[in-house]
Amino acid sequence: MNVHSSPTFQAPPQVAFHRTELGVILGLYGRMVAAGEWRDYGISSLRDVAVFSVFRRTAENPLYRIEKRPKLRMRQGQYAVIGMDGQILKRGNELRQVLRVLERKLIRAVK
């Protein structure tokens with residue numbers, strides 16, 4: 001009997017961004033691309049975390065990582081913006097509120 005056809009086999013669950021969450025993130029991404037700040041992105045869906053990485057150039061390390069960790073929902077918050085150096089810039093349960101830390105950078109870039 002094939003392991004994949006048995007009723008007890010389940011693929012490990014992955015954390016992913018929902019369509020509405022991606023809409024909010026990609027809206028910010030589009031504004032930052034238009035301002036010339038960001039040029040590329042990558043999305044990873046892992047077992048415990050979903051990551052949206054933002055790059056200035058494709059070959060670099062990400063400038064920012066937007067992470068979703070549902071297990072932290074009742075603690076620090078499931079969303080976090082992490083800088084290039086690994087420092088957590090903002091954390092919370094409301095994605096739009098967490099992304100405001102990056103919106104401020106857009107306002108400075110437009111000046």
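Definitions and cut-offs
Residues numbered from 1 in each chain as written. Predicted model: local features only at pLDDT ≥ 70, side-chain atom pairs only at ≥ 80, totals over all residues. Heavy atoms only, no water. Helix = DSSP H or I, 4+ residues; strand = E, 2+ residues; numbered from the N terminus. Buried < 20%, exposed > 50% of the residue type's maximum accessible area, 1.4 Å probe, protein only. Areas by Shrake-Rupley, 256 points an atom, 1.4 Å probe, with all protein chains shown as cover. Pairing = 2+ DSSP bridges. Axes fitted to C-alpha atoms, helices over the stretch in contact; angles between N-to-C directions. Salt bridge = Lys/Arg side-chain N within 4 Å of Asp/Glu carboxyl O. Core = buried A, V, L, I, M, F, W, Y, C linked by side-chain atoms within 4.5 Å. Contact = heavy atoms within 4.5 Å. Polar contact = N/O pair within 3.5 Å; in protein donor to acceptor, adjacent residues only side chain to side chain.

## Structural notes on the overall build of the chain
When helices and strands are counted, the chain shows 2 helices and 5 strands. When the elements of the chain are put in sequence order from the N terminus, they spell out α-β-β-β-β-β-α. The buried share of the chain, reckoned over its 111 residues, is 33%. For the chain, the accessible surface area stands at approximately 7,600 Å², while carbon and sulfur atoms represent 50% of it.

## Details of the sheet that holds strand E1 (residues 40-45)
As summarised here, the arrangement of the 5 strands in space is E1-E2-E3-E4-E5, forming an open sheet in which the pairing is antiparallel. On the outer flanks of this sheet lie E1 and strand E5 (88-92), each paired with one strand and no other. Here the average twist between neighbouring strands, direction ignored, is 15°. Of the pairings in the sheet, the one linking strand E3 (residues 64-68) to strand E4 (residues 79-83) comprises 5 bridges and is antiparallel in character. By the bridge assignment for E4, lysine 68 is matched with tyrosine 79.

## Topic: the pattern of salt bridges
Taken as a whole, this structure holds 5 salt bridges when the rule is applied. The partner of glutamate 103 in a salt bridge is arginine 31, and the shortest N-O contact between them spans 2.4 Å. With glutamate 103 in helix H2 (residues 95-110) and arginine 31 in helix H1 (residues 19-34), this residue pair connects regions lying 72 residues apart in the sequence. For glutamate 103, a relative accessible area of 25% gives the class partly exposed. Look at arginine 31 and you get partly exposed, because its relative accessible area is 39%. Between arginine 69 and glutamate 67 there is a salt bridge whose closest N-O contact spans 3.1 Å. Overall, the relative accessible area of 30% leaves arginine 69 in the partly exposed class.

## Description of the nonpolar core
Trp38, Ile66, Val81, Leu99 and Leu102 are the most contacted members of the largest nonpolar core, which totals 21 residues. Secondary structure elements with two or more residues in this core: H1, strand E2 (50-55), E3, E4 and H2. When residues no more than four places from it in sequence are discounted, the contact partners of leucine 102 are Leu28, Met32, Trp38, Tyr64, Ile66 and Val81.

## Re the side chain of glutamate 21
Among the structural elements, glutamate 21 can be located in helix H1. Polar side-chain contacts of glutamate 21 include one of 2.6 Å to the backbone nitrogen of histidine 18. Side chain to side chain, glutamate 21 and lysine 68 meet in a polar contact 3.0 Å long.

## Side note on the side chain of glutamate 67
Along the chain, the position of glutamate 67 falls in strand E3. Judged by relative accessible area, glutamate 67 falls into the buried class, the value being 6%. Ignoring anything within four residues of it in the chain, the contact list for glutamate 67 reads Val49, Ala50, Val51, Gln78, Tyr79, Ala80 and Ile82.

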